[in-house]
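Listed below, chain by chain, are the residues.
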Amino acid sequence: SASIFAAVEMAPRDPILGLNEAFNADTRAEKVNLGVGVYYDDNGKIPLLGAVRAAEKTRLEAMPPRGYQPIEGAATYNTAVQNLLLGKDSQLIANGQVVTIEALGGTGALKVGADYLKRLQPGATVYISDPSWENHRALFESAGFPVETYPYYDAATRGVNFEGMKAKLNSLPAGSIIILHACCHNPTGADLSDAQWNDVVDACRSRGLIPFLDMAYQGFADGIEADAVAVRAFSASGLQFFVSSSFSKSFSLYGERVGALSIITAAKEESARVLSQVKRVIRTNYSNPPIHGGAVVAAVLNSPELRQQWEDELAGMRDRIRDMRTSLVEQLKAAGVAQDFSFVIKQRGMFSYTGLTAAQVEQLKTDFGIYAVSTGRICLAALNTKNIGYVAKAIAAVVK
Ligand code: PLP
C-alpha cells in the first residue's frame, strides 16, 4: 500500500537558510555573508558574553536538579523581564497589572501570544508593517488569523511613511491586532520617533486596537532604557497591550531560546484570569519552558556586578555596529560612490535596507561572493574591520 506521505509536497525553502547554504558551498576565501540575522564580533564569530560565561560557570558548579519549571517559567526571570521592559519603578508592575511568561525565544512568545489572542479575539485581523520580519505573517496565519499590512517603509525618504501608517491605523475596526516593532525595525532599520509613538498610542486608543509590541533588539539602538520608549509610551497610556521580547540578540543566546511574553491588563484580578488562560495555551503546547537559558539570564540581571558587565558588553556590540555603519558610509565615499549613503548611519539596529536592487544583490554574489537578501537588506553586524573594505569596494562596483 502507498505511504501516507506519498502525496506530500516539498515546502518552499526558507530564503535566509537557502542563502546560508549557498554561502557555505561557495569556495571563495574572501566571501562574506551579509544575509544573516545574528551579531558577529570583529573576528566574525558569535560571541559568548563574559557575563553569560560567569553565570553558567556558577550554575554548572552548583549542579542543580532538573525538575519541571512552573508553566509560566521562573518568577526570578519573569520579574527581571518586566523590570527591563517597563522600568523597575513601574506602577503597572507594582499594581500587579503585568503578566509575564517565560517563552522559547521571541518567536515562542509571539506564538503563545497569537494562540491566546485567537481565543480572546477569534474574529480579528492581524496587521503587520510593510515590510516586516518575514515570520510575522506566517506565524499569525498559522495561529488562524488573516494577516494584512499597514504602510511603513518609505523608499523615497528611507524612513517611515508615518502619514500612511497613521491613516491606516485610524481606519481599522476595533479589536484589530497591530504588530509593532518596538525598536530596531527588521528589515528596514527605520524606527518611529518618540512623538510618533505617542500618535500610535492615540490611534490605538481611539480605534480600540490591540497593540502587540515585538521587542527583539532592546539595547541595540541607543541603550536599554532608551530603546524601551515604545513600551513606556504604551505603559503610560492606560491601555491593555502585549509585548514579546527576546534575549537571543542582547545576550547572544540564540540557540538557548530565551524570550518572554508580557501582557498588560487593567487590574491585578484580571491578570490572574489572563495568566490562567495563557497557561492553558502553554500546557497544551510544550507544557513548561526549558530551564537553562532563562536561569542564566535571570542570574545576570539579578546580580549587580554581572548586570553591569552585561550592559558594558551590550554597549560594545551596539557601538561596534555603529562603527560599521559610519565606516561603510566613509568607505563607499572613498571608493568613488556618488550616491549619498549617509542614511545607513541613521538606520537603527542590526540591519540596513540599502536600496540595492535584486540585480545588484545578485551581482554581489556572482562577482564577489558577497551574499545579501534580495530585498537589499544587509546585516551590519556581519561586517568587521577585515572585510568592510572589500564589501565597500564591491558595493561601489555594483552601484556604478
Ligand atoms: N521578532 C523580530 C522582529 C526578529 O527580528 C526576530 C529575530 O530575528 C524575532 C522576533 C525572533 O527572535 P528569537 O530568535 O528570539 O525567536
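The rules behind these values
Residues numbered from 1 in each chain as written. Predicted model: local features only at pLDDT ≥ 70, side-chain atom pairs only at ≥ 80, totals over all residues. Pairing = 2+ DSSP bridges. Helix = DSSP H or I, 4+ residues; strand = E, 2+ residues; numbered from the N terminus. Axes fitted to C-alpha atoms, helices over the stretch in contact; angles between N-to-C directions. Contact = placed C-beta atoms within 7 Å. Near = placed C-beta within 6 Å. Nonpolar A, V, L, I, M, F, W, Y, C, P; charged D, E, K, R; others polar. Buried ≥ 20, exposed ≤ 12 C-beta atoms within 10 Å, placed from the backbone. Right-handed = clockwise from strand over helix to strand, strands pointing away. Domains from an automatic or database assignment.

## Re the sheet that holds strand 2 (residues 98–104)
Spatially, 2-10-9-8-7-3-4 is the arrangement adopted by the 7 strands of the open sheet, whose pairing is mixed. Looking at strand neighbours, the two that pair on one side only are strand 2 and strand 4 (147–151), the edges of this open sheet. Looking at each pair of strands side by side, their axes are set apart by 25° on average, direction ignored. Pairing geometry for strand 9 (residues 241–246) and strand 10 (residues 258–264), over 6 bridges, is antiparallel. In the sheet register, F241 faces strand 10, and the bridge partner there is I264. Packing against the sheet, helix 7 (residues 162–169) makes contact with strand 4 and strand 7 (177–181), and its axis sits at approximately 135° to strand 4. Of the strands in this sheet, strand 2 and strand 10 are in contact with helix 10 (residues 268–283), which crosses strand 2 at around 15°.

## Quick look at the site of the ligand
Taken together, G37, G105, G106, T107, W133, H181, N186, D214, A216, S246, S248 and G259 make up the full set of residues near the ligand. Looking at the shell around the ligand, its residues break down into 2 nonpolar, 9 polar and 1 charged.

## Considerations on the pairing of strand 8 (residues 210–215)
Taking burial as the measure, the 6 residues of strand 8 include 6 buried ones, the bulk of the element. Residues of strand 8 alternate between two faces, with I210, F212 and D214 on one and P211, L213 and M215 on the opposite face, all of them buried. Pairing analysis gives 5 bridges linking strand 7 to strand 8, with the strands arranged parallel. Note on strand 8: the bridge partner recorded for I179 is F212. After leaving strand 7, the chain enters helix 8 (residues 194–207) and then returns to the sheet as strand 8, a path that is right-handed. Handedness of the crossover is the feature at issue here: the chain leaves strand 8, passes through helix 9 (residues 229–235), returns alongside strand 9, and the resulting connection is right-handed.

## Quick look at the domain arrangement of the protein chain
Its domain assignment divides the protein chain into domain 1 (15–48 + 306–399) and domain 2 (68–302). Each of domain 1 and domain 2 has a C-alpha centre, and these two points are 27 Å apart. Facing the 22 residues of domain 1 at the interface are 23 residues of domain 2. Within the residue set of the side of domain 1 that touches domain 2, elements represented by two or more residues are helix 12 (304–334) and strand 11 (351–353). A per-element tally of the side of domain 1 that touches domain 2 places helix 12 first, with 6 residues. Within the side of domain 1 that touches domain 2, the residues separate by chemical class into 12 nonpolar, 5 polar and 5 charged.

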